[in-house]
Amino acid sequence: MQKFLLKNVDNPRSTDIREYRKSGGYKGLKKAVEMEPGKIVDEVKKSGLRGRGGAGFPTGMKWDFASRDPNFPKYLICNADEGEPGTFKDRHILERDPHLLIEGMVIAARALKVGRGYIYLRAEYPAAEVILDKAIDQAYKEGLLGENITGKGFKFDLSVHRGAGAYICGEETALIESIEGKRGQPRLKPPFPVNVGAWGKPTIVNNVETFSNLPLIIEIGPEEYSKIGNPDCPGPKLYCVSGFVEKPGVYELPMGTILRDIIYKHCGGIKGGGKLKAVIPGGISTPILPPDKIDCQMDFVNLPKAGSMLGSGAVMVFDESVCLVSVCMRAMQFFEHESCGKCTPCREGTGWLSNILERIENGMGRNGDIELLLEVASNISGKTFCPLGDGAAGMLLSFIKYFSDEFDHHIENRKCMVN
Amino acid sequence: MITEEIIKKIQQKKGDYPVFRSAIMSALHEIQNTEGWLSQESLYKVSGMLNIPPATVKGVATFYHMYRHVPMGRNIIQICTNVACMIMGAEKLVDLLKREFGIEAGGTTGDKRFSLVIMECIGACGTAPAMLVNDDFHDNLDEKRVMDILNGYK
Amino acid sequence: MITVTINDREIKFDKAVTILEAARSGGIKIPTLCFFEGLEKFGGCRLCLVEVEKLPRLQTACTVMVTDGMVVRTETDAIIRARKAMLEFLLINHPLDCPYCDKSGECELQDLVAQYGAEEGRFAEGKRRHPESFDDPIIVRNMERCVTCTRCVRMCDGVQRASAITVTGRGDHSFVEPFSGGRYDCEYCGNCLTVCPVGAIMSRLHRHSYRAWFVEDEIETLCGFCGVGCSMILQMRENTILRAIPRMGMGINKGLLCARGRFGYDIIESNRRLTTPLVRKNGELKAVSWAEALGLVAEKFSEIKEQDGGEKFAGIVSPELTNEDNYVFQRFFRETLFSNNIDSIIRMFYAPAQAYFEGIFGQGITANLISGIGKSDAVVVAGGDPTKINPVLGLQVRAASGNGAKVVSLSNAAGLKRFASSEPVARSGSENFLYSALLKALIDTRGLPGRSGSIEQEIGNIKWPNDEEITQRTGLRKSDIEKVAEDLKDPKNISVIIGPDIMINNGLMGLFLIAAIIYVLDARIYLLSERPNEQGVIDTGCMPDTLPGGRPLEISSFREKFEQEMGYGVPGQKGLTLFEMFEAIGKGDIKAAYVMGDNPVFNLPAADRIREAMSGLDFLVVQDAFLSETAKMADVVLPAALWAEKDGTYVNLERRIQRLHRAKKSVGGLEGWQIIAGISGLMGSRMEYNSARDIWEEITRASHLYGSVSYEDLATDKSLWPYKGEPLRSGKWEIKIPEEVVEKTGHGCHVYPDRLLFHSGSFSRYSPALNSIQAEPYAVMHPDTAKSIDIKDGDRIKIAAANGWSIELVSKVDNEIRDFSVRVPNVFEGVCVMSLVDYGIEPGTGAPVWKLSDIKIEKVQ
Ligand SMILES: Cc1cc2nc3c(=O)[nH]c(=O)nc-3n(C[C@H](O)[C@H](O)[C@H](O)COP(=O)(O)O)c2cc1C
Ligand code: SF4
Ligand code: SF4
Ligand code: SF4
Ligand code: FES
Ligand code: FES
């Protein structure tokens, strides 16, 4: 398949603006500046693009809300927090094709009449910061950022805001708090950021990959774009594959590619010819799937039907050698560590679940622990302030749903099934 | 010491935001970059520079786990143990580091050469296990490779 | 119209409210924990979850607004399970030390668990540990009990706006801490204690001595520490105060207090209280019976009155005493002693300032609701720090700033740092240059309003200082002043807050310029009031020249009508003002003085001279709760009751009349009016009062101003200005450029009283609690000042004045003292800064204006 998003990443000099231009870069922007802002919003709406950050919210609709808000200034934020374990697609673009992101953001700024933008970059990507800073510098020098962009009289300033290690800051309202210089805890919604966001102003937050789709949409037009992938949620999609496959990595494939194909066709199957035990399809906040559920399309519509979610498109593949109790425990420790502490069920519940899982993993599980896990998880589920807590509970419930025998074995035999 | 240069950088960063206080995270990063950690005095200085109440600065500084509140070694080994790395053997590497350097997670060697910090996912799951040493990225680790790499940090 | 159905009941609203409010208004209870009326919405505890039809998830009632047609259920099985679950989550890390916890019995978590129950013992691991913090004298923190509701932080950030505490860490390692992690070093308002639902932040004062069920009685009364007049509840057991707490929504403070109000109540129980009358015998004060003491006073007073007449008496009343005490005092002086020599410490600022502004703009011009400040679009502060002098009023200034108002601080107001949009502070003594420059700049930006030709004409006569002069004198640049004028260009709803330093620094000239600024801004006026009943002193006629109600006594028609109605005589000639009295005492023209509830030899400027004068009196009677510096000089000392031991009324700075309620029997003191009536009776004029109410009724007859405000009306809107008594005097709408009495020269250090947040007057020093926060005076100065005299922070220094008087104390170098003065609190025993300053008298008002005698500061080894 033709590559749109990753077409430059294998070029070692891709971060340079000249190389980027050579491969057709900033053409989308050139076209966009000739368009009425409202027209750009319309095209994005028509394209059917859905946000790539995890929730899959229609980007055109978000933009429409934002552009209808009469308040100015507005702010544009790129969510480059990429905290979802298993995910490393945004890093690919940030480090290897930064101008793709910048171009996408400038198009968005033009469409939404925004004068100021930020890239909220996780502190775990120090190299990306250097690369982005350089790319932004170049873009300023070439008149693609700053005053009077491409001579068309619009202004857009962009800079990097570095996070400092907090998964929750990937959630857009927490991210906004963090940009404002506060503790990164999620805000009440409504009001939504498109109306009341950073510093109380309308704010549009999109993921790195989402922005990176924009030059393409503008260049080839929404009709052509929506022919790529699943018509319900079209476009190219970056899938990050990790774990026990022959060729892990980031794959650009049409949205809706079959999970089995990703594993067996694109990634060369299970490592060392091993046997598939389970897959997490969208990062550890999404429910795990057993091998008999992998014939589904990987997109925002079909994965939920199979009992999971697309999330960030982070496919984690486990073969028979992996102890899923320890995976579950480690995942829960992650949620405990990353819970922001704002709401009771997530703050206290994730810690409690970790405790129980740790004792099971360490061979000190008790009768009734599985029931307790289920009950505590359902006491979290649906009751938290933001989706982080739900993700933790959903993850755990899916592990027990499909792999309770492993948990039982741990408790009964005080040791692991696999090692 | 918070140098003139840091202060200048922070002043500059203020210009990025409509409200000065939003430069706080940058300010903390700048100071940590030179001092290695954030002392109470540093937090107090940031409070003064950005006109933010000291307690508020502390609240922010302690929320994000990559701000450090104890002195660190010259090199910080930040090793990921999240799921993708764990199943690829990160735990073993952590055990090795603990043994080799005689420190616990969060600890610093007596000679201040290394501090060991356990990380959540650092976005290298496809090439796991992975670690950051200071700002340098290293992946596809195994026991030998880790030690070879660390030999390069004095 | 919005119609909501909650548990099958339809409820209608004309505006959107939260589900919680909707439910409460329909009498439906929804449990809450992180919600607290008046604090920013949070939605974190998840206890208030309810079901809303058509929405997939449970919703938090405290944050979700109702919409038309919404159907809500609050008691389904799923909800009850969710509530239990949340409680269980809260308990897994919560120590079950209820028997040991002071919060027991009034803990919201305990109550919720009692109501909903929680699964027990399913949590097998150890609980989160965090040692209790005893680093603070006043507040104990036990973070193991914290439920992370953040009510305390939202209170401190959003209402008190001190931002002294924060949640540190995150997730299940979230703890509430002050910056230091130990001691708070905050404003100690204690408002975080009020809102903590559990025993995580508690007062240390009654640690392990308080249980909710110990409380036998709760008395609602007023705080006696300043002129805001906050309401609070004294919780009593066996005639002792267990604690003072505010009640949310109660009083003008709506449940907020400052450190003095919340913790300073322990002076009532101080072991230094006077318990019996004292009489000087052979040079020493000896305990005697009430009969003996009062008999002696009556005898001496009768003797002097007979021999020399009423002019030989000086009477000093107190703005710390009630209207009833003060009224009876003036009656005693006028009727029994036939003297008009009655005055008080409010001569220093409140009385002359009010008279001045009323003369221009009309009677009652300073009677404005404190809550109006927060709603202003600009606030100008001059002559003091409202957040220290009247802390709960100060919160309104901060709130205004939070609402986007421009706050301009023209004085050293450290408590407004972070809230002021501009803070041009002139060098001490040069404020008038700043005021006139500002006036000029405001006329340039806003123009003259054209409301009064005569005021504008006089403004036209002002000799404006030129720019260089302004900069040279004040140390401010032209742009500083332009910035202020710019800030104040457009606002329409402006509050001007004026503090005592304006009078002592700048005299009438300062008031004149501020009045002109007020005129140009068309602003509301607030006078800061250091003591609880300054207005009441004026209203009850405790002035040498006015009758109760404020009419001038020298106008014979007023006086005669008064005498007729009240049945007692009043001398026809006005008496001496406070400072005239001391001059007269010094010259031997006055023989006897009665000081009721004040400490002039400590509190008044040139205290050394006043002390010397007082020592020449033939007979000095001091009525006080403590053996003050003045009481130590007395011939007779009469122990007095303090406010928690009294009934009666105070009038606050908004001119709101409020009632005190007696919470306990005094340790030995009597109320002022009881003592005075006793003496008067012995001197042959009987006063028949049985209670404060009797006196109040007499006051309302004497003061037409109070009109028909009955004792019962005192908690209602009727006790708010205007009381609908007699018609109000209108202002003259003219001002005259006053003459400057005291030429301000010299560029050395000038010493001023520092007005503290943790103390007020000279008796808060008897509060162990307040002393535990600040027990010692210090001399605060700007780093530049300190450098120029080679002093470092924490040095022990000696400050000596030209009059030979000196004090010794510790220095505190602080760049918040921006006017280059040296500030020393006039509170603590042995450190009387008032001895170091001298004054000139402003002839129009009798108020003292500071002379800027240069002082010498040196380090003591
Ligand atoms: C706990 C949590 C973590 C999230 N982390 C990320 C993230 O790291 N990167 C991201 O782009 N979106 C993340 N999101 C989604 C964002 O809230 C938001 O939906 C997204 O940035 C919107 O951009 P999009 O519409 O382009 O996807 C996260 C959401 C939640 C609830
Ligand atoms: S679910 Fe609650 S505690 Fe967890 S991250 Fe979201 S808001 Fe914070
Ligand atoms: S006592 Fe007042 S100032 Fe101090 S932390 Fe509590 S609320 Fe804040
Ligand atoms: S200390 Fe009290 S008020 Fe503050 S967060 Fe904890 S429980 Fe809530
Ligand atoms: S899990 Fe280690 S880098 Fe992603
Ligand atoms: S009371 Fe509503 S969430 Fe806490």
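Note: the structure precedes this text.
In this report, the structure presented in the accompanying data block is examined. (Residues numbered from 1 in each chain as written. Chains lettered and ligands numbered in written order. Predicted model: local features only at pLDDT ≥ 70, side-chain atom pairs only at ≥ 80, totals over all residues. Heavy atoms only, no water.)

### Looking at the overall build of chain C
Across its full length, chain C carries 26 helices and 33 strands. For chain C, whose C-alpha radius of gyration is 29 Å, the value lies close to the compact-globule estimate of 29 Å for 861 residues. The dimensions of chain C, computed from C-alpha atoms along their principal axes, are 90 × 65 × 65 Å. For chain C, the proportion of its 861 residues judged to be buried stands at 64%. Sequence-distant contacts in chain C: of pairs separated by 6 or more residues, those separated by 24 or more amount to 73%. Carbon and sulfur atoms provide 48% of the accessible area of chain C, an area that totals close to 31,300 Å². (Helix = DSSP H or I, 4+ residues; strand = E, 2+ residues; numbered from the N terminus. Rg over C-alpha atoms; globule rule 2.2 N^0.38 Å. Buried < 20%, exposed > 50% of the residue type's maximum accessible area, 1.4 Å probe, protein only. Contact = heavy atoms within 4.5 Å. Areas by Shrake-Rupley, 256 points an atom, 1.4 Å probe, with all protein chains shown as cover.)

### Topic: the side chain of T150 of chain C
Summarising the element assignment, T150 of chain C is placed in the loop between strand 6 (139–141) and helix 4 (151–158). Setting aside residues up to four positions removed in sequence, T150 of chain C forms contacts with F42 and V167 of chain C.

### Points about the side chain of S344 of chain C
Residues and elements named next belong to chain C. Within the fold, S344 resides in the loop between strand 16 (342–343) and helix 9 (350–361). With a relative accessible area of 0%, S344 lands in the buried category. In contact with S344, not counting residues within four places along its chain, are I316, V317, P319, V537 and L578.

### Digging into the site of ligand 1
Residues and elements named next belong to chain A. Taken together, 18 residues lie around ligand 1, and G53, N79, N206, N207 and T210 are the ones closest in. Note that an oxygen atom of ligand 1 is positioned 2.8 Å from one of the side-chain N or O atoms of N79. Elements with a contribution of two residues or more to the shell around ligand 1: strand 4 (203–207) and helix 15 (387–413). Ranked by residue count, the leading element in the shell around ligand 1 is strand 4, at 3 residues. The class makeup of the residues in the shell around ligand 1 is 4 nonpolar, 8 polar and 6 charged. (Near = heavy atom within 4 Å. Polar contact = N/O pair within 3.5 Å; in protein donor to acceptor, adjacent residues only side chain to side chain. Nonpolar A, V, L, I, M, F, W, Y, C, P; charged D, E, K, R; others polar.)

### So, unusual backbone geometry
Among all residues save glycine, negative phi is the norm, and among peptide bonds the norm is trans. In the segment running from F72 of chain A into P73 of chain A, the intervening peptide bond is cis, with an omega of -5 degrees. Here W721 of chain C and P722 of chain C are connected by a cis peptide whose omega angle stands at -10 degrees. Residue position: P722 of chain C is located in the loop between helix 24 (692–702) and strand 26 (750–754). The phi dihedral of T150 of chain A falls on the positive side, at around 50 degrees, and the residue is not glycine. Mapped onto the elements, T150 of chain A comes out in the loop between helix 7 (126–141) and strand 3 (157–162). With a relative accessible area of 31%, T150 of chain A lands in the partly exposed category. Positioned with a positive phi, H208 of chain C is a non-glycine residue whose angle comes to about 55 degrees. Structurally, H208 of chain C is set in the loop between strand 9 (201–203) and strand 10 (217–222).

### Some remarks on the sheet that holds strand 19 (residues 494–498) of chain C
Pairing between the strands of a sheet comes from backbone hydrogen bonds, and it takes one of two forms, parallel or antiparallel. All names here are of chain C. Taken in spatial order, the 4 strands make up an open sheet running 18-17-19-20, and their pairing is parallel. Taken across any chain shown, the strands that pair with only one partner, and hence form the sheet edges, are strand 18 (406–409) and strand 20 (524–527). Across this sheet, the average inter-strand angle for adjacent strands is 15 degrees, counted without regard to direction. Pairing of strand 17 (residues 378–382) with strand 18, which is carried by 4 bridges, proceeds in the parallel orientation. Paired with V381 across the two strands is S409, which belongs to strand 18. (Pairing = 2+ DSSP bridges. Axes fitted to C-alpha atoms, helices over the stretch in contact; angles between N-to-C directions.)

### Quick look at the environment of I149 of chain B
Here I149 of chain B is to be found in helix 7 (residues 143–151). Owing to a relative accessible area of 13%, I149 of chain B belongs among the buried residues under this scheme.

### Structural notes on the packing of aromatic side chains
For the structure shown, the criterion picks out 34 aromatic pairs over all chains. Ring centres of Y75 of chain A and Y118 of chain A lie 6.4 Å apart, and the angle between their planes is 40 degrees; this geometry places the pair in the tilted category. In this pair, Y75 of chain A is assigned in strand 1 (residues 75–80) and Y118 of chain A in strand 2 (residues 116–121), connecting sequence segments 43 residues apart. Accessibility classification places Y75 of chain A together with Y118 of chain A in one group, the buried group. Here F301 of chain C and F619 of chain C contribute two aromatic rings whose centre-to-centre distance is 5.8 Å and whose plane-to-plane angle is 85 degrees, an arrangement assigned as edge-to-face. Taken together, the residues span a long stretch of sequence, with F301 of chain C in helix 7 (residues 290–308) and F619 of chain C in strand 22 (residues 619–624) at a distance of 318 residues. A relative accessible area of 0% places F301 of chain C in the buried class. Ring pairing ties together the aromatic residues F301, F313, F329, F332, F333, Y594 and F619 of chain C, which thus form one cluster. A cation over an aromatic ring shows up here: K74 of chain A above the ring of F72 of chain A, its NZ or CZ 4.4 Å from the ring centre. (Phe/Tyr/Trp six-rings, centres within 6.5 Å; stacked < 30°, edge-to-face > 60°. Lys NZ or Arg CZ within 6 Å of the ring centre and 35° of its normal.)

Coordinates in, geometry out; function isn't part of it.
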